[in-house]
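Topology and contacts: notes
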2 protein chains.
Amino acid sequence: MSRQSDRTADPATTGRTAPEPPSADELLRLDRQLCFSLHAASRAFDGLYRRVLRDTGLTYPQYLAMLVLWEYGEMPVKRLGEYLRLDSGTLSPLLKRMQSAGLVRRERSAQDERSVTVRLTAEGAALKERAQGVPLKAIEASGLGLEEAVELQARVRRLTAALDAALADEEKL
Amino acid sequence: MSRQSDRTADPATTGRTAPEPPSADELLRLDRQLCFSLHAASRAFDGLYRRVLRDTGLTYPQYLAMLVLWEYGEMPVKRLGEYLRLDSGTLSPLLKRMQSAGLVRRERSAQDERSVTVRLTAEGAALKERAQGVPLKAIEASGLGLEEAVELQARVRRLTAALDAALADEEKL
DNA sequence: CACAATTAAGTTGTGCACAACTAAAGGGTA
DNA sequence: TACCCTTTAGTTGTGCACAACTTAATTGTG
């Protein structure tokens, strides 16, 4: 049941691109395919982790925050945001929910009253044991080998860097 | 300014994996890197499109919906959701906003009163011209060549299929 | 035909992401 | 010291995503 457009061949699906530059319509079609794929992949990934994390009670973003805290220990909100690429507008309510769940505490720093230090509670630290199985399940479900996962990670990281640079460097675009 | 853990070597960053299976801690670290990268890449992509789409007034998900409608024309909400991998819980309010913006109309189908057909308005169809420049700007900002973009698209699509299959096939996980 | 099961769309509630803004603390310089 | 500027969190408002549920129309089967 092909749902292909009946008008023209589609270089993005045939894998053959004509030597002349693609038309605006062809670019829109490629854009559709690439954007859809990335957007859908991101949400599929979220869905997988939602499922795998179910019995830990964590959401996917909360799991990401816990991964940082498990690995590096307590740190200011600011630094956590740098790791997670999130600002306080997202982190403040996220951390508030995690505090309500008993996973972390937040305390104003004594040295710098502007800064708030995020610490794991005993419960939060203990949750690491229950999350031990998560990465393996996720990698298995992704159908990627370890090597492939590492390579994909590097590639995607370069992509992010390029996108952020484009956004930051040229205010025009 | 390495922020590496001081305890063990990190196969995910050194690019060398020991022959023995990775420890649970190493898997958590790899998981952190891969999840972060994918999640951050997705949001960086969103951010780029948010910027590039600014003067069209479209959000990124709205642009994705418009891409489908521009390419394939009117269709039921159900089918639009299949293209976009979105259910009515997301699509209903999204389409309502797009209708308020004058981009689409929604009409109950006469043949099947359960179904709602989504159609572009003249204004919505005309917006395609103003969006002609979007894909090129996006691809340039991503630092990908056309070939690379196509290949990445295929790879990411396979990943999504694997994830969805894992979610659907085994209710255990 | 009658009635249960299915399907399509919408609604409700929760959480994430981000822009724009506010509040408070810290740092630098005239 | 007094003032301004920067930094750090937090708040507000909007939109997306999804689970769970509701409503209404259609289909299938006895």
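This one's a predicted model, so the numbers in the text were calculated from it and none came from an experiment.

Rules behind the numbers
- Going along each chain's sequence as written, the residues are numbered from 1 onward.
- In the order they appear in the text, chains get letters beginning with A and ligands get numbers beginning with 1.
- Owing to the predicted nature of the model, reporting of local features is limited to residues with pLDDT of at least 70; listing and counting of side-chain atom pairs is limited to 80 or more, with chain, interface and lining totals taken over all residues.
- Only hydrogens and water are set aside when side-chain values are computed; all heavy atoms of the structure are taken into account.
- Strand pairing is assigned whenever DSSP detects at least two bridges linking the two strands.
- Numbering of helices and strands runs from the N terminus, with a helix taken as a DSSP run of H or I at least four residues long and a strand as a DSSP run of E at least two residues long.
- Contact definition: two residues touch when any of their heavy atoms are within 4.5 Å.
- Angles run from 0 to 180 degrees between N-to-C directions of axes, and those axes are lines fitted to C-alpha atoms, restricted for helices to the stretch in contact.
- The near set for a molecule or strand comprises every residue that places at least one heavy atom within 4 Å of it.
- For the purposes of these results, a polar contact is taken to be a pair of N or O atoms within 3.5 Å, where, inside protein, one atom must be able to donate a hydrogen and its partner to accept one; residues adjacent in sequence count only when each atom of the pair is a side-chain atom.
- Ten residue types, Ala, Val, Leu, Ile, Met, Phe, Trp, Tyr, Cys and Pro, are classed as nonpolar, four, Asp, Glu, Lys and Arg, as charged, and the remainder, Gly among them, as polar.
- A least-squares fit on C-alpha atoms brings the copies together, and the residues used are those whose pLDDT is at least 70 in both copies.
- Using a 1.4 Å probe, buried area is obtained as the accessible area two parts lose upon being combined, added over both of them.
- Here a salt bridge means any side-chain nitrogen of Lys or Arg lying within 4 Å of a carboxyl oxygen belonging to Asp or Glu.

1. Some remarks on the sheet that holds strand β2 (residues 104–108) of chain A
Residues and elements named next belong to chain A. Taken in spatial order, the three strands make up an open sheet running β1-β3-β2, and their pairing is antiparallel. Two strands lie at the open edges of the sheet, namely β1 (75–76) and β2, each paired on one side alone. Sheet topology note: the β1/strand β3 (residues 116–120) ladder contains two bridges and is antiparallel. Counterpart to Pro 76 in the pairing with β3 is Thr 117. Along the sheet, helix α5 (residues 88–100) contacts β2 and β3; its crossing angle with β2, the most-contacted strand, is approximately 120°.

2. Quick word on the protein's contact with DNA strand D
In the vicinity of DNA strand D there are 28 residues, among which His39(A), Lys78(A), Ser88(A), Thr59(B) and Arg97(B) approach most closely. When atoms of DNA strand D within 4 Å of the protein are sorted by moiety, sugar and phosphate together comprise 78%. His39(A) places a side-chain nitrogen or oxygen 2.5 Å from a phosphate oxygen of DNA strand D. Measuring from a phosphate oxygen of DNA strand D, one finds a side-chain N or O atom of Gln62(B) at 3.2 Å. For the surface near DNA strand D, the secondary-structure elements that each account for two or more residues are α2 (24–52), α4 (77–84), α5 and β2 of chain A together with α3 (60–72) and α5 (88–100) of chain B. Tallied by class, the residues present in the surface near DNA strand D amount to six nonpolar, 10 polar and 12 charged.

3. Re the relation of the copies chain B and chain A
For the pair chain B and chain A, the superposition axis carries a translation of 0.0 Å, the fit reaches an RMSD of 0.0 Å, and the rotation angle comes to 180°. On the angle and the small slide along the axis, the relation comes out as a two-fold axis. Among all C-alpha atoms of chain B, that of Ser42(B) lies closest to the rotation axis, at 3.1 Å. Comparing interface residues between copies, 99% of those in chain B also lie at the interface in chain A; the contact surface is shared.

4. With respect to the interface of chain B and chain A
By a widespread convention, an interface's size corresponds to the accessible area lost as its parts come together. In this assembly, 75 residues from chain B lie in contact with 76 residues from chain A. For the chain B and chain A pair, buried surface summed over both sides reaches about 7500 Å², with 66% attributable to carbon and sulfur atoms. In this structure, the connection of chain B to chain A is made through two salt bridges. In this structure, Glu151(B) and Arg155(A) form a salt bridge, with 3.4 Å as the shortest nitrogen-oxygen distance. Our enumeration of links across chain B and chain A arrives at 11 residue pairs in polar contact (both at pLDDT 80 or more). Among the elements of the structure, α2 (24–52), α3, α4 (77–84), α7 (134–142) and α8 (146–169) of chain B are those that each provide at least two residues to the side of chain B that touches chain A. The biggest single contributor to the side of chain B that touches chain A is α2(B), with 26 residues. Residues that form the side of chain B that touches chain A fall into these classes: 43 nonpolar, 10 polar and 22 charged.

Keep in mind these numbers describe shape, not what the thing actually does.
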